[in-house]
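# Structure at a glance
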Amino acid sequence: VVSMRLGTRRVCLLSHPDDVQLVLQDRDHVYGKSAPAARIRPLFGESLTTVDGERWRRQRELMRPVFQPRAVGFWPAVMARTIAEMLDRWRPGATVLRSA
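First, a word on what this report is: a plain description of the structure on this page. In this text the structure is predicted, and so the values were computed from the model without any measurement.

### Quick notes on the overall build of the protein
Counting its regular elements, the protein contains five helices and two strands. Here the C-alpha atoms of the protein give a radius of gyration of 18 Å, more than 25% beyond the 13 Å that 2.2 N^0.38 yields for 100 residues. Along the first, second and third principal axes, the C-alpha atoms of the protein reach 45 × 40 × 30 Å. Nonlocal contacts in the protein, meaning residues at least 24 apart in sequence, comprise 14% of its contacts between residues at least 6 apart. When the accessible surface of the protein is totalled, it reaches about 8600 Å², and 62% of it is carbon and sulfur. Across the protein, the centroid of the 17 positively charged side chains sits 6 Å from that of the 10 negatively charged ones.

Encoded structure:
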């Protein structure tokens, strides 16, 4: 858990899957998105990142099949290959620029 200031607010970044599950699934009614989410809704729309309650649960259920092992099984190999290709381009002391 990392606590940081984001503008005038203090926010926490969670990276451990158990913490993320606690906030987003097990106790979602306690950790509402409310006002901050309303401000970014024009950018992100009515997405999992900006809605709460029943709308969030409905969208989450719609997304569930996409994240099943059989649906994402090929991604680790794709990510590993892409990372290896990126690292091959890096050289000590060089400036790394993102290519378009």
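And the narrative resumes.
### Focus: the pairing of strand S2 (residues 9-13)
Sheet topology note: the strand S1 (residues 2-6)/S2 ladder contains five bridges and is antiparallel. Note on S2: the bridge partner recorded for Val2 is Leu13.

### Comments concerning a nonpolar patch on the surface
Taken together, Phe74, Trp75, Met79, Ile83, Leu87, Trp90 and Val96 make up a surface patch of nonpolar side chains, about 700 Å² in accessible area. Take Trp75: it is sitting in helix H5 (residues 75-89).

### Some points on the pattern of salt bridges
Taken as a whole and assessed by the stated rule, the structure comprises five salt bridges. With a closest N to O distance of 3.7 Å, Glu54 and Arg57 form a salt bridge. Placement of both Glu54 and Arg57 in helix H3 (residues 53-63) is noted, with a separation of three residues, approximately one turn of the helix. The class of Arg57 is partly exposed, set by a relative accessible area of 36%. A salt bridge links Arg60 to Glu61; the nearest nitrogen and oxygen atoms lie 4.0 Å apart. By relative accessible area, Arg60 is classed as partly exposed at 23%. The class for Glu61 is partly exposed, based on a relative accessible area of 44%. Linked by salt bridges that have partners in common, Arg41, Glu46 and Arg55 make up one network.

### Details of the side chain of Thr50
Within the element layout of this structure, Thr50 appears in the loop between helix H2 (34-44) and H3. One polar contact links the side chain of Thr50 to the main-chain carbonyl oxygen of Gly45, over a distance of 2.6 Å. Thr50 has contacts with Lys33, Ala37, Ile40, Arg41, Phe44 and Gly45, leaving out every residue within four places of it along the chain.

Conventions we followed
- Residues numbered from 1 in each chain as written.
- Predicted model: local features only at pLDDT ≥ 70, side-chain atom pairs only at ≥ 80, totals over all residues.
- Heavy atoms only, no water.
- Helix = DSSP H or I, 4+ residues; strand = E, 2+ residues; numbered from the N terminus.
- Rg over C-alpha atoms; globule rule 2.2 N^0.38 Å.
- Contact = heavy atoms within 4.5 Å.
- Areas by Shrake-Rupley, 256 points an atom, 1.4 Å probe, with all protein chains shown as cover.
- Lys, Arg positive; Asp, Glu negative; His and termini not counted.
- Charge placed at Lys NZ, Arg CZ, Asp CG, Glu CD.
- Pairing = 2+ DSSP bridges.
- Patch = residues over 30% accessible without salt bridge, like charges linked within 9 Å, V, L, I, M, F, W, Y side chains within 5 Å.
- Salt bridge = Lys/Arg side-chain N within 4 Å of Asp/Glu carboxyl O.
- Buried < 20%, exposed > 50% of the residue type's maximum accessible area, 1.4 Å probe, protein only.
- Polar contact = N/O pair within 3.5 Å; in protein donor to acceptor, adjacent residues only side chain to side chain.

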